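# Structural overview
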Amino acid sequence: MALGFAVAAVWVELAWSQPMLSVQETNLRATPATVLVISEVAAEVSLNCGSGPQTVTPQAFKETGTGWFIDPSGYVVTNGHVVQPAYETPRWLVNQTAQRAVTTTCLPDALKAAKLEPGENPAAEEALKRRVLDKVLPSVKVTITPTISIKLSNGMRLKSEVKKYSPPASAEVGAPSGRDLALLKVPDGSYPMLPLADSTAAQLGDPIRILGFPGVVLSHELLNQSASVDASVTNGAVSGFKQDKANNPYIQTDAPAAWGNSGGPVINSKGELLGVLTFVSLAPGPEGSIVQGFNFIIPAQGVREFVKDTPVKINEMGKFNPVWFAGLHDFFTEDFKGAVRKFEQADKILAGLSAVKRMLGEAQEKVKHPPPRPFPWFWVAIGVTFLSAGGFGTQYLVRWQKNRYRVGPSEVIKLLESGKQPIILDARSEQQYEMNPIKIQSSIRIAPEDLKRDGVGSIELDRTRPVVAYCT
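Please read these numbers as outputs of a predicted model, since none were measured by experiment.

## Quick notes on the pairing of strand S5 (residues 141-151)
When strand S1 (residues 34-48) meets S5, the two strands line up antiparallel, connected through eleven bridges. When the sheet's bridge partners are listed, Ser39 is paired in S5 with Ile148. Examined bridge by bridge, S5 and strand S6 (residues 157-159) share three bridges and lie antiparallel to one another. Bridge pairing in S6 links Lys151 to Arg157.

Below you can see the structure in the form of structure tokens.
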């Protein structure tokens with residue numbers, strides 16, 4: 001019984017020592033490795049409105065998306081379409097920049113010369129704008145300066161270089177169609193990273209989470225600058241397995257996504273990367289609003305294939321992740337002092353990450369004001385069980401010790417019937433013998449009091465025969 005309880009206790013302890021990750025711990029494992037990707041195209045426009053050549057700098061074109069560290073040395077994965085404006089600056093963007101520069105610079109003087117107030121006569125103003133564009137645009141020269149950078153959750157902005165690029169999937173005839181992935185490299189360092197899961201093992205209904213920087217959050221007028229460093233998380237499940245027209249596999253999900261989530265990591269319940277959000281579904285019509293519940297993911301296996309000929313070391317944990325994961329484990333198992341030490345180590349490796357700062361503060365607060373612990377009913381039950389088993393075991397051993405040479409009357413009868421002629425010593429105490437003077441046939445009477453005085457030396461016994469003592 002005691003052995004059974006011991007085995008059960010060990011089994012329960014092992015089961016408890018390796019719990020499933022909570023939703024909070026899963027998200028926190030992935031958050032530091034998620035970064036904001038910024039594609040920016042600055043321009044310098046040389047033009048002549050009629051009063052001589054001049055150079056203007058219109059507002060830079062900027063597009064944001066999401067990326068994540070696949071290698072702790074500084075390799076980041078995002079969507080191809082996120083970096084496309086800066087990597088393959090389209091002609092329409094150059095033309096748009098030139099038109100905006102001409103309109104902003106030349107149109108006010110033309111309106112003034114035509115004695116028109118802005119907005120006074122829209123039709124006349126539009127006609128004048130067309131004439132100005134037709135006159136000035138042919139001589140405009142546009143010099144663009146594209147840059148791609150990432151922003152970590154500590155506010156650090158790092159310039160990046162495109163190391164490998166695949167264009168986004170396209171349904172247009174003649175347009176290049178690829179895996180919609182880009183591999184970026186930032187300066188060497190010790191960064192958090194996301195390990196890749198085996199996406200072929202994904203099943204319908206598996207829970208997933210999408211991390212990213214949706215534009216509606218980044219540009220929200222009621223939020224401060226922290227919105228640009230803290231990734232948002234949306235929840236959903238695997239809802240289908242599809243292929244594009246080039247037979248590339250995709251995972252469909254009902255997890256919500258928006259502009260800016262592109263390139264964001266999609267993680268499973270272990271905090272591993274199941275895939276990369278690539279495109280959403282749009283409603284028909286000119287507005288083309290996002291239809292939630294029908295978003296698509298590039299599986300992790302596609303990412304593996306994309307980076308296989310690069311220096312990327314998949315699932316290389318680096319310095320940050322082991323310390324960060326250990327700190328989270330300590331925190332969620334209520335070892336708050338251990339969590340503080342490990343969070344401080346993580347902050348030394350890469351200072352100022354928002355998730356690390358927040359968890360360090362929470363752990364320090366828990367150390368100062370420990371939460372009440374529930375009564376340990378489980379361990380009390382185990383202790384009582386072991387004490388009970390020990391008590392019963394002790395009683396059994398004592399009884400066995402006392403009775404290990406005891407024989408019953410039936411065994412004595414068997415000895416007599418088998419001809420072994422046992423010697424029976426009637427060793428009842430004097431008091432018991434006098435109260436019940438029944439004599440056993442052919443027995444030898446010897447009182448315990450006699451044994452105490454003379455011992456057994458005074459008794460002549462045949463040592464070749466079994467001896468049975470009848471005592472009280």
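Moving on from the coordinates now.
## So, a nonpolar patch on the surface
A cluster of nonpolar side chains, Phe375, Trp377, Val380 and Val384, forms an exposed patch at the surface whose accessible area comes to about 440 Å². Within the secondary structure layout, Val380 lies in helix H11 (residues 377-403). Judged by relative accessible area, Val380 falls into the partly exposed class, the value being 33%.

## Overview of the pairing of strand S3 (residues 61-71)
For S3, the buried fraction is high: eight of the eleven residues fall into the buried class. Examined bridge by bridge, S1 and S3 share eight bridges and lie antiparallel to one another. Its bridge partner being in S3, Val41 is matched across the sheet by Phe61. Strand direction decides the pairing type here: S3 and strand S4 (residues 75-78), joined by three bridges, are antiparallel.

## Concerning the pattern of salt bridges
The final tally for this structure, using the stated rule, is nine salt bridges. Note that Lys164 and Asp309 form a salt bridge whose closest N and O atoms lie 2.9 Å from each other. With Lys164 in strand S7 (residues 161-166) and Asp309 in the loop between helix H7 (300-307) and helix H8 (320-332), the pair connects residues that are 145 residues apart, well separated along the chain. On the accessibility criterion, Lys164 (22% relative accessible area) is partly exposed. Counted as one network, the salt bridges with shared partners bring together Asp426, Arg428, Glu430 and Arg445.

What counts as what
- Residues numbered from 1 in each chain as written.
- Predicted model: local features only at pLDDT ≥ 70, side-chain atom pairs only at ≥ 80, totals over all residues.
- Heavy atoms only, no water.
- Pairing = 2+ DSSP bridges.
- Helix = DSSP H or I, 4+ residues; strand = E, 2+ residues; numbered from the N terminus.
- Patch = residues over 30% accessible without salt bridge, like charges linked within 9 Å, V, L, I, M, F, W, Y side chains within 5 Å.
- Areas by Shrake-Rupley, 256 points an atom, 1.4 Å probe, with all protein chains shown as cover.
- Salt bridge = Lys/Arg side-chain N within 4 Å of Asp/Glu carboxyl O.
- Buried < 20%, exposed > 50% of the residue type's maximum accessible area, 1.4 Å probe, protein only.

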